[in-house]
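Report on the structure
Each chain, written out:
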Amino acid sequence: MDVTGGNGQPRPDENHPAEHPPAPPTPNPEHDPEHESAPDQRHPDKGHPDNPGPGDTAGHTEHEHRSLAHAGIARTDPPPERPKEPGGGILMGRPFGVPVYVAPSWFLVAALITWVFGGQLDRVLPELGALRYLVSLFFAVAFYASVLVHELAHTIAALRFKLPVRRIQLQFFGGVSEIEKEAETPGREFVLAFVGPLLSLVLAGLFYLALKPVEPGTVPGVLLAGLMISNLIVAIFNLLPGLPLDGGRMLRAVVWKITGRPMTGTVAAAWVGRALAVSVLIGLPLLNQSGTLGGDRDVSGMDTVTDALLAAILAAIIWTGAGNSLRMARLREHLPDLRARTLTRRAVPVQSDTPLSEGLRRANAAGARALVVVDTDGNPLSLVREAAIVGIPEHRRPWVPVSELAQDLTAGMRVSAELSGEELLDTLRATPATEYLVVENTGEIYGVLSAADVEKAFVKAMARPT
């Protein structure tokens, strides 16, 4: 995210776990040794534990290896529902097919700009009276229209490089273009970051040229001068070499090009961004008080507090953005560790009229943790939902057929065992479900992939040090 109108950290869609990581499943505080089973032999032919099968990851605990009837399904809470995608505010349009939202926080900053700019107009054009606030509101809207042009520059460049853009959002401190994937080369990364400040500089130049024939001390003259200066500030600020600003992404691209490692570039730009945050926190109030930025040297106590508050907010945004950039980079490094084959649970095929108790018995006997409903020829029809079993009391399970607890398979619920990393997450995101059928390239059933297992592995990848 840019503080005043830059491109956002490339990230997946919010339904994609890498952008907004789902909450890990709630752990079961109970530990019942009486119901512990032998280590989970999900694929006996794989030679577990020497050659572990799917689901046998290093992070699994003994508690997670309980039998299907006890901890695997019946003794756990239902997996958490996937978070719904937020609208992002008020939808203003879809230029180039990308939705543009105005966040509720924009109205707060619009009111703030109207109040501050109105006070300046009162000194320059006192004859306006109360109309100065209407002029100030127009300035706030025009300024954010300039920010939108800045964001559209990032968006057009991203689309040109075949990078999907989820949305553009105008918010309190500017805008953000949510680009779902990372640029493939440092050169493209540099261009993608640079076009935003470049367009802001172009806008500043255009407003300067438009200001030439306008008489000074008039409403058009004040508006054009304000838009020229504001776009110049946006361009210069975003060119500062620290994440999450555009200049930080340009620095990242340069270090990436030199070292050949995008992670090294991210670390360098993120730490420069944190140093920049400290500099803003300390330096901005001092510059304002000294009059370097054009202010009055004779500042009041309220002005000092306002300067310090603004500096603190800017510093916090930059520091947080730099940290988020580091976390996202770390995640991208560890994404290849998320493999469908190693996260898959072994499954037992059952007929649709099989009683639930019998299906659980077969699964426990085979060391499996999932049930797949098949037809008489062995073709998969549906998956028994883990959450549905939780709601069936044990005394009713002999009378409930597994088909009543199953979810019909759709094309999107069939996942290749070879998928891994971002490709796996994109596939799951395309068809939200609690369980997926994992198949070999030959079409043979490999097992069942639980969304909860993917979420837990994702959280572990986020926490893992680089």
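Residues numbered from 1 in each chain as written. Predicted model: local features only at pLDDT ≥ 70, side-chain atom pairs only at ≥ 80, totals over all residues. Heavy atoms only, no water.

1. Some points on helix 2 (residues 104-124)
- Over its 21 residues, helix 2 runs 31 Å from end to end, which matches the ideal 30 Å to within 8%, given 1.5 Å per residue.
- Those residues of helix 2 that sit buried are Trp106, Val109, Ala110, Ile113, Thr114, Phe117, Gly118 and Leu121.
- Tucked inside the fold, the buried residues of helix 2 contact strand 3 (100-102), helix 3 (131-160), strand 4 (165-171) and helix 5 (219-238). (Helix = DSSP H or I, 4+ residues; strand = E, 2+ residues; numbered from the N terminus. Expected span 1.5 Å × (residues − 1). Buried < 20%, exposed > 50% of the residue type's maximum accessible area, 1.4 Å probe, protein only. Contact = heavy atoms within 4.5 Å.)

2. A few points about the pattern of salt bridges
- Tallied over the full model, the rule gives 17 salt bridges.
- For the salt bridge of Arg429 with Glu180, the shortest nitrogen-to-oxygen distance reads 3.8 Å. Taken together, the residues span a long stretch of sequence, with Arg429 in helix 12 (residues 421-430) and Glu180 in the loop between strand 5 (174-179) and helix 4 (186-211) at a distance of 249 residues.
- Taking the relative accessible area as the measure of exposure, Glu180 reaches 12% and is therefore buried.
- Arg361 is the salt-bridge partner of Glu358, the closest N and O atoms lying 2.7 Å from each other. Taken as a pair, Glu358 and Arg361 lie in helix 10 (residues 356-366) at a separation of three residues, close to a single helical turn.
- Relative accessible area serves as the criterion here: at 22%, Glu358 is assigned to the partly exposed category. (Salt bridge = Lys/Arg side-chain N within 4 Å of Asp/Glu carboxyl O.)

3. Topic: the nonpolar core
- If you look at the biggest cluster of nonpolar residues, it comprises 30 residues, and the most contacted ones within it are Val372, Leu383, Leu424, Leu428, Tyr436 and Leu449.
- Elements with a minimum of two residues in this core: helix 9 (340-343), strand 7 (370-374), helix 12, strand 11 (435-439), strand 12 (445-450) and helix 13 (451-463).
- With residues near it in sequence (within four places) discarded, Leu424 still touches Leu338, Arg339, Ala340, Val415, Leu419 and Leu449.
- Judged by nonpolar contacts, the second largest core, of 25 residues, contains Trp106, Leu121, Phe139 and Val222. (Core = buried A, V, L, I, M, F, W, Y, C linked by side-chain atoms within 4.5 Å.)

4. What about the sheet that holds strand 9 (residues 406-408)?
- Across the sheet, four strands lie side by side as 6-7-8-9; this open sheet has mixed pairing. Each edge of the open sheet is held by one strand with a lone partner, namely strand 6 (347-350) and strand 9. On average, adjacent strands in this sheet sit at an angle of 35 degrees to one another, irrespective of strand direction.
- The sheet strands contacting helix 10 are strand 6 and strand 7, and the helix crosses strand 6 at an angle near 145 degrees. (Pairing = 2+ DSSP bridges. Axes fitted to C-alpha atoms, helices over the stretch in contact; angles between N-to-C directions.)

5. Considerations on the pairing of strand 2 (residues 90-93)
- Of the strand pairs in this sheet, strand 2 and strand 3 are connected by three bridges, and their pairing is antiparallel. Residue Ile90 lies in a different strand from strand 3, and its bridge partner there is Val102.
- Linkage of strand 2 to strand 3, two consecutive antiparallel strands, is achieved through a turn of six residues, within which Phe96 is found at a positive phi near 60 degrees.

6. Topic: the pairing of strand 5
- Among the six residues that make up strand 5, six are buried, leaving the element largely enclosed by the rest of the structure.
- In this sheet, strand 5 lies alongside strand 4 in antiparallel orientation, the contact comprising six bridges. Each bridged residue has a counterpart across the sheet, and for Gln171 the counterpart in strand 5 is Gly174.

7. A look at the packing of aromatic side chains
- Applying the stated criterion to the full structure yields six aromatic pairs.
- Here Phe139 and Phe143 contribute two aromatic rings whose centre-to-centre distance is 6.5 Å and whose plane-to-plane angle is 15 degrees, an arrangement assigned as stacked. You can see Phe139 and its partner Phe143 sitting in helix 3, four residues apart, about one turn around the helix.
- Of the residues examined, Phe139 reaches a relative accessible area of 8% and is grouped as buried.
- Taken together, a centroid distance of 6.2 Å and an interplanar angle of 25 degrees make the contact between Phe190 and Phe194 stacked. (Phe/Tyr/Trp six-rings, centres within 6.5 Å; stacked < 30°, edge-to-face > 60°.)

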